[in-house]
Amino acid sequence: MQLFLNATSPYARVVRVAAEELGMMQQIELCWTDPWSDPQALLHINPAARIPALLLEDGRSISESLLIACYLNSLDPGSRLLPAAQLVDCLHLAGLGQGLMDASFATVIARKHHGGESDQTLLGSRRLRAIERLLKQLQTDWLPSGSTPHLGDLVIAVALDYLAFRMPECNWQQRYPSLASRHALLAQRNSFSGSAFV
Ligand SMILES: N[C@@H](CCC(=O)N[C@@H](CS)C(=O)NCC(=O)O)C(=O)O
């Protein structure tokens, strides 16, 4: 399998972390890609020109980070990323994490293309409020899920890392110490230390 990714995409990192947690990295070739330059190889497997995208051995492809993670999980006999007994909690948390990632990523992209004033627009301020509400909700809802992290844990931890990387002024570590301690436990895993944003 080939995974199209770059080193700063939080969405691609979710897939990398998921693959590492499932012990599948040996089966995946990493294809470093700049999606913004519309490379043909990426457009061929994902016309949306977005990463991550996964190309399977038989030529079929899957886009969207959570769908790729679901596919990789389906190859795992233990279904470790989506444990049946915790499915609703896991999906609930994955949704909150994805919401945090979407609002943060859109904020970063708007600032890059339209300047810091984009934060004051209707959509910009809406995104910032969403980030604050999500952090607050996660502080209540993100509880330890056992020794093996599930997909919800991974998505949240990547989203928090992305916030620290691109929006350090948010300073969630000081403001939400329980999130910081939950995050610290995951950050020390190989899947996270080996895929840090650069
Ligand atoms: N919902 C998608 C989001 C993917 C996404 O936005 N990827 C960004 C990189 S972080 C991208 O490729 N952007 C290029 C573009 O939008 O043209 C997912 O979960 O995979």
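Remember, it's a predicted structure, so these values are computed and weren't measured experimentally.

(A) Molecular detail of the site of the ligand. Taken together, 13 residues lie near the ligand, and Ser9, Arg50, Ile51, Glu64 and Ser65 sit nearest. Gln98 places a polar side-chain atom, nitrogen or oxygen, 3.3 Å from an oxygen atom of the ligand. Contact with the protein chains covers 86% of the free accessible surface of the ligand, which is 510 Å². Under a 2 Å grid-point criterion requiring more than half of the atoms, the pocket assigned to the ligand is the largest pocket. By residue class, the composition of the shell around the ligand is eight nonpolar, three polar and two charged.

(B) Quick peek at the UniProt feature "domain: GST N-terminal" (unreviewed entry) in the protein. Per the UniProt record, "domain: GST N-terminal" (unreviewed entry) is found at residues 1-80. Secondary structure over residues 1-80 splits into 35% helix and 18% strand, and the C-alpha atoms at its two ends are 20 Å apart.

(C) Looking closely at the sheet that holds strand β2 (residues 29-32). An order of β2-β1-β3-β4 is seen for the four strands of this open sheet, with the pairing classed as mixed. Lying at the two open borders of the sheet, with one neighbouring strand each, are β2 and β4 (61-63). When strand polarity is set aside, the average angle formed by the axes of neighbouring strands in this sheet is 20°. Pairing analysis gives three bridges linking strand β1 (residues 2-5) to strand β3 (residues 53-55), with the strands arranged antiparallel. Each residue of the ladder has a partner; that of Phe4, found in β3, is Ala53.

(D) Layout of empty space enclosed by the protein. Under the defined criterion, the tally for this structure stands at one cavity of 30 Å³ or more. Its boundaries defined by the atoms lining it, the largest cavity holds a volume of some 30 Å³. Split by residue class, the lining of the largest cavity holds three nonpolar, four polar and two charged.

(E) The domain arrangement of the protein, seen in detail. Taken domain by domain, the protein holds domain 1 (2-74) and domain 2 (84-193). Taking only C-alpha atoms into account, the centre of domain 1 sits 21 Å from that of domain 2. Listed per partner, the contact involves 13 residues of domain 1 and 18 residues of domain 2. For the pair domain 1 and domain 2, the summed buried surface comes to about 1,500 Å²; carbon and sulfur atoms form 70% of the total. The three residues of domain 1 that bury the most area against domain 2 are Tyr11, Arg13 and Glu21, which together make up 36% of that side's buried surface.

(F) Highlighting the packing of helix α1 (residues 10-21) against helix α4 (residues 87-114). Packing of α1 against α4 leaves a shortest axis separation of 10 Å and a crossing angle of 145°. Residue-level inspection shows Pro10, Tyr11 and Val14 of α1 in contact with α4, the latter providing Gln98, Met101, Asp102 and Phe105. The class makeup of the residues in the contact of α1 with α4 is five nonpolar, one polar and one charged.

(G) The arrangement of the pattern of salt bridges in detail. Within the structure shown, the criterion is met by nine salt bridges. A salt bridge links Arg60 to Asp58; its shortest N-O distance comes to 2.9 Å. We classify Asp58 as partly exposed; its relative accessible area is 48%. Note that Arg80 and Asp76 form a salt bridge whose closest N and O atoms lie 3.0 Å from each other. If you follow the salt bridges from partner to partner, you end up with Arg111, Asp119 and Glu169 in one network.

How each quantity is defined
- Residues numbered from 1 in each chain as written.
- Predicted model: local features only at pLDDT ≥ 70, side-chain atom pairs only at ≥ 80, totals over all residues.
- Heavy atoms only, no water.
- Near = heavy atom within 4 Å.
- Polar contact = N/O pair within 3.5 Å; in protein donor to acceptor, adjacent residues only side chain to side chain.
- Areas by Shrake-Rupley, 256 points an atom, 1.4 Å probe, with all protein chains shown as cover.
- 1 Å grid on protein atoms, 1.4 Å probe; cavity = no way out; pocket = protein on both sides within 12 Å on 5 of 7 lines; lining within 4 Å.
- Sits in = over half its atoms within 2 Å of the grid points.
- Nonpolar A, V, L, I, M, F, W, Y, C, P; charged D, E, K, R; others polar.
- UniProt positions renumbered as here; feature names shortened; annotations may be inferred.
- Helix = DSSP H or I, 4+ residues; strand = E, 2+ residues; numbered from the N terminus.
- Pairing = 2+ DSSP bridges.
- Axes fitted to C-alpha atoms, helices over the stretch in contact; angles between N-to-C directions.
- Points joined across faces, edges and corners; volume = space filled by probe spheres on them.
- Domains from an automatic or database assignment.
- Contact = heavy atoms within 4.5 Å.
- Buried area = accessible area lost by both parts, 1.4 Å probe.
- Salt bridge = Lys/Arg side-chain N within 4 Å of Asp/Glu carboxyl O.
- Buried < 20%, exposed > 50% of the residue type's maximum accessible area, 1.4 Å probe, protein only.

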